[in-house]
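Listed below, chain by chain, are the residues.
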Amino acid sequence: MELPEITPQVVAATSIPILLIIGDSDIVTPEHAVAMFRLLGGGVPGDLAPMPAPSLPSCLAHQHIGVTGRADMLWAMIPLFLDAT
(Lines give C-alpha, C1' and ligand atoms only; values in the text may rest on other atoms or scores of the structure.)
Protein backbone atom coordinates (compact mmCIF):
# COMPACT_ATOMS: atom_id res chain seq x y z
CA MET A 1 0.00 0.00 0.00
CA GLU A 2 1.34 3.39 -0.93
CA LEU A 3 0.45 6.21 1.42
CA PRO A 4 -0.25 9.65 -0.02
CA GLU A 5 2.42 12.24 0.54
CA ILE A 6 1.09 15.47 1.96
CA THR A 7 3.68 18.22 2.05
CA PRO A 8 4.16 20.56 5.02
CA GLN A 9 3.07 23.41 2.75
CA VAL A 10 -0.28 21.74 2.08
CA VAL A 11 -0.83 21.12 5.79
CA ALA A 12 0.10 24.72 6.67
CA ALA A 13 -2.29 26.06 4.01
CA THR A 14 -5.27 24.16 5.47
CA SER A 15 -7.84 26.63 6.72
CA ILE A 16 -10.33 24.33 8.43
CA PRO A 17 -10.08 23.47 12.14
CA ILE A 18 -8.46 20.09 12.72
CA LEU A 19 -8.52 17.92 15.82
CA LEU A 20 -5.47 15.66 15.94
CA ILE A 21 -6.01 12.72 18.29
CA ILE A 22 -3.13 10.35 18.93
CA GLY A 23 -2.24 7.64 21.37
CA ASP A 24 1.13 8.03 23.05
CA SER A 25 2.07 4.58 21.71
CA ASP A 26 0.57 5.25 18.28
CA ILE A 27 1.89 4.56 14.79
CA VAL A 28 2.17 8.33 14.50
CA THR A 29 4.95 9.50 16.81
CA PRO A 30 4.25 12.30 19.28
CA GLU A 31 6.98 14.33 17.55
CA HIS A 32 5.20 14.03 14.19
CA ALA A 33 1.85 14.98 15.73
CA VAL A 34 3.42 18.05 17.36
CA ALA A 35 5.01 19.02 14.02
CA MET A 36 1.56 18.81 12.36
CA PHE A 37 0.04 20.77 15.25
CA ARG A 38 2.61 23.55 14.75
CA LEU A 39 2.08 23.59 10.96
CA LEU A 40 -1.63 24.14 11.62
CA GLY A 41 -0.89 27.14 13.85
CA GLY A 42 -0.79 25.42 17.24
CA GLY A 43 1.80 25.84 19.93
CA VAL A 44 1.36 29.55 20.61
CA PRO A 45 1.41 30.86 24.20
CA GLY A 46 -2.36 31.02 24.75
CA ASP A 47 -2.14 33.70 27.42
CA LEU A 48 -0.30 36.05 25.07
CA ALA A 49 -1.85 35.28 21.67
CA PRO A 50 -5.23 34.19 20.34
CA MET A 51 -5.85 30.49 20.78
CA PRO A 52 -5.19 28.52 17.58
CA ALA A 53 -7.89 26.48 15.82
CA PRO A 54 -6.09 23.11 15.97
CA SER A 55 -6.12 20.94 19.04
CA LEU A 56 -3.82 18.05 19.99
CA PRO A 57 -5.15 15.78 22.73
CA SER A 58 -3.21 12.61 23.47
CA CYS A 59 -4.69 9.44 24.90
CA LEU A 60 -2.15 8.19 27.39
CA ALA A 61 -1.03 4.56 27.26
CA HIS A 62 -2.90 3.81 24.06
CA GLN A 63 -1.85 2.57 20.67
CA HIS A 64 -3.49 3.50 17.34
CA ILE A 65 -6.42 1.09 17.51
CA GLY A 66 -6.80 1.32 21.30
CA VAL A 67 -7.83 4.98 21.09
CA THR A 68 -11.05 4.00 19.31
CA GLY A 69 -12.01 1.83 22.29
CA ARG A 70 -11.90 4.81 24.63
CA ALA A 71 -15.20 6.48 23.81
CA ASP A 72 -15.20 8.06 27.26
CA MET A 73 -12.04 10.02 26.43
CA LEU A 74 -13.16 10.85 22.90
CA TRP A 75 -16.56 12.11 24.08
CA ALA A 76 -14.77 14.40 26.53
CA MET A 77 -12.61 15.91 23.73
CA ILE A 78 -14.66 16.03 20.55
CA PRO A 79 -17.66 18.14 21.68
CA LEU A 80 -15.34 20.74 23.24
CA PHE A 81 -13.45 21.00 19.95
CA LEU A 82 -16.64 21.23 17.87
CA ASP A 83 -18.15 23.86 20.18
CA ALA A 84 -15.01 26.00 19.83
CA THR A 85 -15.06 25.95 16.00
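Small disclaimer: the values here were computed from a predicted structure and weren't measured. (Residues numbered from 1 in each chain as written. Predicted model: local features only at pLDDT ≥ 70, side-chain atom pairs only at ≥ 80, totals over all residues. Heavy atoms only, no water.)

Asker: Is there a simple way to explain the overall build of the chain in this structure?
Answerer: In terms of helices and strands, the chain carries three helices and two strands. Listed N to C, the secondary structure of the chain is α-β-α-β-α in terms of helices and strands. Per-residue burial over the chain gives 22% buried out of 85 residues. Working note: accessible area of the chain is about 6,200 Å², and carbon and sulfur atoms make up 65% of it. (Helix = DSSP H or I, 4+ residues; strand = E, 2+ residues; numbered from the N terminus. Buried < 20%, exposed > 50% of the residue type's maximum accessible area, 1.4 Å probe, protein only. Areas by Shrake-Rupley, 256 points an atom, 1.4 Å probe, with all protein chains shown as cover.)

Asker: I would appreciate a short explanation of the confidence of the model for the chain in the present structure.
Answerer: When pLDDT drops low, the exact placement of atoms in the prediction is not to be read closely. On average, residues of the chain carry a pLDDT of 79, and 85% of them reach 70 or more. By mean pLDDT, the top-scoring element of the chain is helix 1 (residues 8–12) (91), and the lowest-scoring one is strand 2 (residues 58–59) (61). (pLDDT = per-residue confidence, 0-100.)

Asker: What am I meant to see in the environment of valine 34 here?
Answerer: The topology assignment puts valine 34 in helix 2 (residues 30–39). Spatially, the C-alpha atoms of valine 34 and leucine 20 are 9.3 Å apart, while their sequence positions differ by 14 residues.

Asker: Got a minute to help me understand helix 3 (residues 71–84) in this structure?
Answerer: Compared with an ideal rise of 1.5 Å per residue, which puts 14 residues at 20 Å, helix 3 spans 20 Å between its outermost C-alpha atoms and is within 8% of the ideal. Residues Met73, Leu74, Met77 and Phe81 constitute the buried set of helix 3. What you see down the axis of helix 3 is that its buried residues fit within an arc of 90 degrees, all on one side. Exposed residues lying more than 90 degrees from the buried face of helix 3 are Trp75, Leu80, Leu82 and Asp83. (Expected span 1.5 Å × (residues − 1). Arc of directions from axis to C-beta.)

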